[in-house]
Amino acid sequence: MESKLTGTAALVTGASSGIGAATARQLAEHGAAVALVARRQDRLAALAGEIDKADGTALVVPADITDHTQAEAAVQQAVDRFGRLDILVNNAGVMLLGPVVGADVEQWERMIATNVQGLLYTTRAALPHLLQAAEQGPRQVADIVNISSIAGRVAWNGYGVYNLTKFGVNGFTESLRQEVTQRHVRVGVLEPGGVATELGSHNRPEIRNEMIDPFYEQTEVLAPEDIADGVAYMVTRPRHTAIGELWIMPTDQA
Ligand SMILES: NC(=O)c1ccc[n+]([C@@H]2O[C@H](COP(=O)([O-])OP(=O)(O)OC[C@H]3O[C@@H](n4cnc5c(N)ncnc54)[C@H](OP(=O)(O)O)[C@@H]3O)[C@@H](O)[C@H]2O)c1
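Predicted, not measured: the structure shown is a model, and the values here were computed from it.

Draft legend 1. Layout of the nonpolar core. Residues L11, L130, I144 and V185 are the most contacted members of the largest nonpolar core, which totals 31 residues. Elements supplying a minimum of two residues to this core: β1 (9–13), β2 (33–38), β3 (57–62), α3 (68–82), α4 (105–136), β5 (142–147), α5 (160–180) and β6 (185–192). Among the elements that take part in this core, α4 stands out by supplying seven residues, more than any other. With near-sequence residues (within four places) excluded, L130 lies in contact with L85, D86, I87, L88, A142, D143, I144 and V185. Core analysis: the next-biggest nonpolar cluster, separate from the first, contains 30 residues, A32, A38, V195 and M234 among them.

Draft legend 2. Expanded view of the site of the ligand. Not every one of the 30 residues close to the ligand is listed here, only the nearest: S16, S17, R39, Y162 and T197. With respect to the ligand, the backbone of E198 contributes an N or O atom lying 3.4 Å from an oxygen atom. Contacts to the ligand include L199, whose backbone N or O atom sits 3.4 Å from an oxygen atom. Bound to the protein, the ligand loses 96% of the 880 Å² it would expose on its own. If you list the elements that add at least two residues to the shell around the ligand, you get α1 (18–29) and α5. Within the shell around the ligand, the residues separate by chemical class into 12 nonpolar, 13 polar and five charged.

Draft legend 3. Broad picture of the sheet that holds strand β4 (residues 87–90). In space, the seven strands of this open sheet follow the order β3-β2-β1-β4-β5-β6-β7, with parallel pairing throughout. With partners counted over all chains shown, the strands left at the sheet margins are β3 and β7 (245–248), one partner each. Neighbour-to-neighbour, the strand axes of the sheet open up by a mean angle of 15°, direction not taken into account. Pairing geometry for β4 and β5, over four bridges, is parallel. For N90, the partnering residue across the bridge sits in β5 and is N146. Strand contacts of α1: β1, β2, β4 and β6, with the helix running at about 170° to β1, the strand carrying the most contacts. The sheet contacts of helix α2 (residues 41–53) involve β2 and β3, and relative to β3 the element is tilted by about 175°.

Draft legend 4. Spatial organisation of the packing of aromatic side chains. Summed over all chains, the structure comprises two aromatic pairs. Sitting over the ring of W247, R153 keeps its end group 3.7 Å from the ring centre. A cation over an aromatic ring shows up here: R237 above the ring of Y233, its NZ or CZ 3.9 Å from the ring centre.

Calculation rules
Residues numbered from 1 in each chain as written. Predicted model: local features only at pLDDT ≥ 70, side-chain atom pairs only at ≥ 80, totals over all residues. Heavy atoms only, no water. Core = buried A, V, L, I, M, F, W, Y, C linked by side-chain atoms within 4.5 Å. Buried < 20%, exposed > 50% of the residue type's maximum accessible area, 1.4 Å probe, protein only. Helix = DSSP H or I, 4+ residues; strand = E, 2+ residues; numbered from the N terminus. Contact = heavy atoms within 4.5 Å. Near = heavy atom within 4 Å. Polar contact = N/O pair within 3.5 Å; in protein donor to acceptor, adjacent residues only side chain to side chain. Areas by Shrake-Rupley, 256 points an atom, 1.4 Å probe, with all protein chains shown as cover. Nonpolar A, V, L, I, M, F, W, Y, C, P; charged D, E, K, R; others polar. Pairing = 2+ DSSP bridges. Axes fitted to C-alpha atoms, helices over the stretch in contact; angles between N-to-C directions. Phe/Tyr/Trp six-rings, centres within 6.5 Å; stacked < 30°, edge-to-face > 60°. Lys NZ or Arg CZ within 6 Å of the ring centre and 35° of its normal.

These results come straight from atomic positions and should not be treated as a statement about function.
Listed below in structure tokens is the structure:
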């Protein structure tokens, strides 16, 4: 069946769980061929099997995006296989919380490397292909959606370096939009509120007990599919429409 993204190719980072997996599924349902990028190959292979079964097209691309050669190779693999790249969803991310006093610098480095550097490496590698798709492709438009966070707009005690990375992603998105919008590459940021995923599970037990579990117990959190709906909405707009920023949160936080 002809759908809005039929004939396009997309790359989703962090497609092995949560928002990334839900987004990859939805883009495939809309007709895009999807490159699934993350480190856990078994998870990606299971998702690719699911997408294939539903008559979609998926490519498993195991990569650690904090390594720029792996991020570049991931983009190249997608372009080699699909012959093009129309949509990049920069979704891979890590959230490790805690006070600055006595903080673990390795956790800071991991967050900055994934949420900021990884996003930059993937974007840099993908841009020439996206520009080409916008110029010569059937849709005459290409898309980058950066998954930031409500933590890119609001700061909280204990979120310091996560806030820093997401505020950074929001600023970078705005700047890149100005650089390439005239060339019909739309660059937008999507800022979810609380979503039920594995994101908090990598924190130390005391942080999970004090900062994460109470939040999930008190809030009616979103499903990853709610955010995937937002990504699909952004990338299926007609060529003359760009969504610069989309903020999606549970109603009791609104
Ligand atoms: N959940 C929320 O409440 C929430 C709210 C606002 C924003 N967000 C943002 O949404 C995005 C997705 O998070 P999620 O909630 O879906 O969490 P998640 O389930 O933990 O997914 C994170 C994804 O990032 C991937 N990833 C992490 N490090 C990577 C690396 N070095 N290279 C490649 N992939 C890497 C993981 O795959 P591998 O481990 O297999 O590599 C995984 O697929 C993140 O940017 C997060 O900040 C989430």
